[in-house]
Amino acid sequence: MPERTVTVGSKVGLHARPASLFVQAAARQSVPVTIAKPDGDPVDARSILMVIGLDVRGGQDVVLHADGDGADAALDELAALLAVDHDAEVAS
Amino acid sequence: MSRELRGLGVSAGIAVGPVARLAAAPELPDVNAEVEDVEFETARAADALEAVAADLDARAAQADGAGADVLVAQALMARDPVLADAVAGLVREGRDAPHAIDAAFAEHRRALEALGGYMAERAADLDDLRTRAVAHLLGLPMPGIPDPGHPFILVADDLAPADTATLDPAKVLGIVTERGGPTGHTAILAKQLGIPAITACPDAVALTDGQRLMLDGASGLLVADPEDALVADAERRARELAARRASSHGPGRTADGHPVRLLVNVGGPGDLAAPGIPGAQGVGLLRTEFLFLERATAPTRDEQEALYREIFDAFAGRTVIVRTLDVGADKPLAYLPQAPEENPALGVRGLRLSRRDPELLDEQLAAIAAAARGSDADVGVMAPMVATAREAEGFAAAARGHGLTKVGVMVEVPAAALCAADILAHVDFASLGTNDLAQYTLATDRLAGELADLLDPWQPALLRLVAATIEAGVAADKPVGVCGEAASEPMLALVLTGMGVTSLSMGATSLADVRSTLAAHTLEQCRDLAATALAAGSAPDARASVEAVAREGMGVG
């Protein structure tokens, strides 16, 4: 069962713009992908509401999971995306 | 018959015009219509959500930057597959499309609200989406910024980011919201666009479309159906203000020549292009977070030095006060992991970070000192979140060890205000951060919109702590400035001047107003206003009595 554990690179965590980018990328994959906090329940990675509801902070780990043809490629792409820092806003 | 209403003035300026209300949210029909064709009803719900998403896409294309990001995220929410499944499930159980959509959003709303803080704010986004989808199903106009065909004063319960992102300052004369606080996004955006605005005005619920309204965004006063004489007076004051703004230049001083340095708050090199910057006497607060956030490793000393130098060079011959890194568990750095804290505002943040990682502060001080050595700016450095004289002493020793000669601290914790004399014994100056000082003094989260009245900068407890700090500065003959929102409110700027403040630092857009207001009052008048403010028993009383006294002094009472 292909799985990736990845540390979220964006300081704001999986919210705002980083969450949008991730969800849009997940929707482009050929296989369904889930995302979970370690030991947490997996949720549909294409759902922005479920993804932001995980309340993942920057520097925390998440677990991606997928099955079927192309699962590894999908996970690699999404894991790479999560590891990058996408924060656009400068905090005040 | 004219009627006065009060709210929180969050963006200065006077506006007179007809009310246009943000279209109200449509009521959900009382009765759930019987679902005869599940497939048809499911498709109807899906179409409504897609229409909402398409409308958001179109508005995102017109907006830019952060505004566009918010709209894109909202469109994704409207197209959320988990939400669509929930809606379909509810229709199968017999709910009609509007009720199914309402219930599905309500469930996600509860989940987000339970997380609190930032996530609870996203709950308002969901309300907005639900309302739009229901309006579409009921054949009602989508709620949003009205377009009556003439300039208007926008009145709303509250404004969603989707509303504020597309506001046109040519059409919107002023903004009044029933909810919202002094530092919420409505306030920030209105100030940015230069639109007079009042938030936290619950009585605005009674205002109706087309009703004439006069608002003063400095004082928070609204007059519904004002008499002609009052409007003429307001229009004359608006013209005078515009004229004063246009003619306002040079260093800050009272009518009798008492100097108060007028400085700007800068969050990064991008702010240097703001129109008020050339007229400022320097930077009273250079936030340095922009150097540290959004990256996987700490900035090197050389990298920091180059960026500080760029800013110092832009202010050659002027003052630049650099605030050392101010982050906490709510904005953790990748290279300085912090476990989430129950109360990040009360946790390891600001100067307290150096307890764990002295290296980070040391490198920053070294970089600031190196950039200062090669520049013509008058560079000072100050630490955020100082609570004790001992912390001030430690910071001063570290900064002076790097050759920095002008060392200060932020006063934003009540403990520091109460011990200002002891703290000033160790440093060269202090700067009051009134936003955080209000949050800590009134025990009120800066994001808690419904408690906005407690964060009013005119709160007696806050004014007394500010006065005590300034008094300690006067006694020690050391400069004490203000770099919070309070400094940008012209009436408060007069009060602070009367208390003995030596500098006021604010967003560049507020400079002209504060400069011209200051120039129209003598130091003696400012002292009277300070005494008036300190004698008041409540924030509204303080504001009202200072305004009354100031107007008397101007001969326009």
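On a predicted model such as this, the values are computed, not experimentally measured, just so you know.

Looking now at the overall build of chain B. Broken down by element type, chain B carries 21 helices and 16 strands. Relative to the globule expectation of 24 Å for 557 residues, the C-alpha radius of gyration of chain B, 25 Å, shows essentially globular dimensions. Out of the 557 residues in chain B, the part that is buried amounts to 53%. Summarising the internal contacts of chain B: among those between residues at least 6 apart in sequence, 67% fall at separations of at least 24. When the accessible surface of chain B is summed, it comes to about 22,700 Å², and 54% of that surface belongs to carbon and sulfur atoms. Between the mean site of the 46 positive side-chain charges and the mean site of the 79 negative ones, chain B shows a separation of 6 Å.

Right, let's talk about the sheet that holds strand S2 (residues 33–36) of chain A for a bit. Residues and elements named next belong to chain A. The antiparallel open sheet is built from four strands, whose spatial order is S1-S4-S2-S3. Both outer strands of the open sheet, strand S1 (3–7) and strand S3 (43–44), are each paired with one neighbouring strand and no more. As judged from the five bridges shared by S1 and strand S4 (residues 61–66), these two strands associate in the antiparallel manner. Following the sheet pairing, Glu3 is matched in S4 by His65.

Glancing now at the domain arrangement of chain B. Along its sequence, chain B is organised into domain 1 (3–22 + 144–242), domain 2 (38–137) and domain 3 (248–554). With centres defined by C-alpha atoms, the gap from domain 1 of chain B to domain 2 of chain B works out at 29 Å.

Here we take up helix H12 (residues 358–373) of chain B. Residues and elements named next belong to chain B. Here H12 spans 23 Å end to end across 16 residues, near enough to the 22 Å set by a 1.5 Å rise per residue. All buried positions along H12 are accounted for by Leu360, Leu361, Gln364, Leu365, Ala366, Ala367, Ile368, Ala369, Ala370, Ala371 and Ala372. Lining the buried residues of H12 we find helix H9 (289–292), helix H10 (301–314), strand S11 (319–323), helix H11 (353–356), strand S12 (378–383) and helix H13 (389–401).

Attention now goes to the packing of helix H1 (residues 38–62) of chain B against helix H3 (residues 81–92) of chain B. Residue and element names in this part refer to chain B. At their nearest, the axes of H1 and H3 sit 9 Å apart, and the two run at 145° to each other. Regarding H1 and H3, the two cross each other, and that crossing is right-handed. Contacts from Val38, Glu41, Thr42, Ala45 and Leu49 in H1 reach Leu83, Val87, Ala88, Val91 and Arg92 in H3.

What follows deals with the environment of Gly13 of chain B. Residue and element names in this part refer to chain B. Position of Gly13 among the secondary structure elements: in the loop between strand S2 (8–11) and strand S3 (14–21). Note on Gly13: relative accessible area 7%, which makes it buried. A sequence separation of 160 residues divides Gly13 from Leu173, and the C-alpha atoms of the two residues are 9.8 Å apart. When near neighbours in sequence (up to four residues on either side) are disregarded, Gly13 contacts Pro196, Leu215, Asp216, Gly217, Ala218 and Leu241.

Rules behind the numbers
- Residues numbered from 1 in each chain as written.
- Chains lettered and ligands numbered in written order.
- Predicted model: local features only at pLDDT ≥ 70, side-chain atom pairs only at ≥ 80, totals over all residues.
- Heavy atoms only, no water.
- Helix = DSSP H or I, 4+ residues; strand = E, 2+ residues; numbered from the N terminus.
- Rg over C-alpha atoms; globule rule 2.2 N^0.38 Å.
- Buried < 20%, exposed > 50% of the residue type's maximum accessible area, 1.4 Å probe, protein only.
- Contact = heavy atoms within 4.5 Å.
- Areas by Shrake-Rupley, 256 points an atom, 1.4 Å probe, with all protein chains shown as cover.
- Lys, Arg positive; Asp, Glu negative; His and termini not counted.
- Charge placed at Lys NZ, Arg CZ, Asp CG, Glu CD.
- Pairing = 2+ DSSP bridges.
- Domains from an automatic or database assignment.
- Expected span 1.5 Å × (residues − 1).
- Axes fitted to C-alpha atoms, helices over the stretch in contact; angles between N-to-C directions.
- Left-handed = near helix turned anticlockwise from the far one by under 90°.

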